[in-house]
Amino acid sequence: AVVAATSKSLTHTDARRDPHAFFNADSDAHPLPTPEPDLILGQAEGCIGGSARIPLNISKAAGMVSFGLDIAFDDQAISFHRVTAGDETLNWASVGGNLLGPGNLRVGGFSGSDGGLTGDAQIAQIEFYIRATTPQTVTLVPGNMIDGISNAHKTDGAIEIIVCATPTPLPVWGNVWMLK
């Protein structure tokens, strides 16, 4: 039975004294490994001539107070617009991104005085303009991960570029004057 996990071996007595300590009673009081986080770049659709917003998510975070990564993409199909904070990093000191070169984006953030993220969280949103003129799928590949995500398993993201119907413009009626 799993009671709790720390970096040191614990006894049953230790586990009772420290409610934040974890102890595996089935493995002779050996500590359980901390699970590695998962970094997940999301999926989105975007219309030709429009934009698409991709969520950047973390799962199994353990007190993450900063993160950094590079994202490679096809700069002929999409262009970087901006990075904004995710749902769980709105109060962080900084979350942002900059182009390092064609098709290579750096994204990062740090919490400042926040206690850090634990569990699952959206840490950023990345917006791209659609440059492609034909439908296609553009893969977003994370790499060079540092700080709170350096040991994370990564999942590529994608933007599905689609043709969207163009609305038919309606006639605009202005003031009509009648002469007598």
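What you are looking at is a predicted structure, and each value in this text was computed from that prediction instead of being measured. Each residue is numbered by its place in its chain's sequence as written, counting from 1. It should be noted that, the model being predicted, local features are given only for residues of pLDDT at least 70 and side-chain atom pairs only at 80 or more, the latter also being counted only at that level, while totals for whole chains, interfaces and linings use all residues. Where side-chain values are given, they derive from all heavy atoms of the structure, hydrogens and water being excluded.

(A) Main features of the sheet that holds strand 11 (residues 157–162). Pairs of strands are assigned from DSSP output, requiring at least two bridges between the strands. Numbering of helices and strands runs from the N terminus; a helix is a DSSP stretch of H or I covering at least four residues, while a strand is a stretch of E covering at least two. Pairing within the open sheet is mixed, and its six strands lie in the order 2-11-9-4-7-6. The sheet terminates laterally at strand 2 (43–47) and strand 6 (94–101), the two strands that pair on one side only. Taken over all neighbouring pairs, the strand axes of this sheet differ in orientation by 25° on average, direction set aside. All axes here are fitted lines through C-alpha atoms, helices being fitted over the stretch that makes contact, and every angle between N-to-C directions spans 0 to 180 degrees.

(B) Quick peek at the pairing of strand 4 (residues 66–72). Burial here depends on accessible area, computed with a 1.4 Å probe over protein chains only, as a share of the maximum for the residue type. Under 20% is buried, over 50% is exposed, and the range in between is partly exposed. Among the seven residues in strand 4, six count as buried, and that is most of the element. Bridge count between strand 4 and strand 7 (residues 104–110): seven bridges; the pairing is antiparallel. Directly across from phenylalanine 67, in strand 7, lies its bridge partner glycine 109. In the sheet, strand 4 pairs with strand 9 (residues 136–147) via five bridges, with the strands oriented antiparallel. The residue of strand 9 that forms the bridge with alanine 72 is valine 141.

(C) Representation of unusual backbone geometry within the structure. If you check the backbone angles, lysine 60 has positive phi at about 60° while not being a glycine. By secondary structure assignment, the location of lysine 60 is in strand 3 (residues 51–64). Phi angles above zero are rare outside glycine, and asparagine 144 is one such case at about 50°. Mapped onto the elements, asparagine 144 comes out in strand 9.

(D) Quick peek at the sheet that holds strand 1 (residues 38–41). The sheet built from five strands is open, its strands ordered 5-8-3-1-10 with mixed pairing. This sheet does not close on itself; its edge strands, each paired only once, are strand 5 (78–85) and strand 10 (153–155). Averaged over all neighbouring strand pairs, the angle between strand axes comes to 20°, with direction disregarded. With seven bridges joining them, strand 5 and strand 8 (residues 117–130) adopt antiparallel strand pairing. Of the residues in strand 8, the one forming a bridge with isoleucine 78 is isoleucine 130.

(E) The pairing of strand 11, seen in detail. Here five bridges tie strand 2 to strand 11, and the two strands are oriented parallel to one another. Looking at strand 11, one finds that glycine 46 is bridged to isoleucine 161. Two elements, strand 9 and strand 11, share five bridges in a ladder whose sense is antiparallel. Within strand 11, the position partnered with valine 138 by the bridge is isoleucine 159.

(F) A look at the pattern of salt bridges. Salt bridges, as used here, are contacts in which a Lys or Arg side-chain nitrogen is within 4 Å of a carboxyl oxygen on Asp or Glu. Counted according to the given criterion, the structure contains four salt bridges. Ionic pairing is found between glutamate 127 and arginine 53, a salt bridge with its closest N-O pair at 3.1 Å. Linking glutamate 127 in strand 8 with arginine 53 in strand 3, this pair joins segments that are 74 residues apart in sequence. Note on glutamate 127: relative accessible area 11%, which makes it buried.

(G) Geometry of the packing of aromatic side chains. Aromatic pairing here means that ring centres of Phe, Tyr or Trp (its six-membered ring) are within 6.5 Å. Orientation follows from the plane angle: under 30 degrees is stacked, over 60 is edge-to-face, and everything else is tilted. The final tally for this structure, using the stated rule, is three aromatic pairs. For the pair phenylalanine 67 and tryptophan 92, a centre-to-centre distance of 6.1 Å together with 50° between the ring planes defines the contact as tilted. In this pair, phenylalanine 67 is assigned in strand 4 and tryptophan 92 in the loop between strand 5 and strand 6, connecting sequence segments 25 residues apart. Here the two residues phenylalanine 67 and tryptophan 92 agree in accessibility, since each one is buried. Both rings, one in phenylalanine 80 and one in phenylalanine 128, keep their centres 6.5 Å apart while their planes meet at 70°; by these two values the pair is edge-to-face. In this pair, phenylalanine 80 sits in strand 5 while phenylalanine 128 sits in strand 8, placing the two residues 48 residues apart along the sequence.

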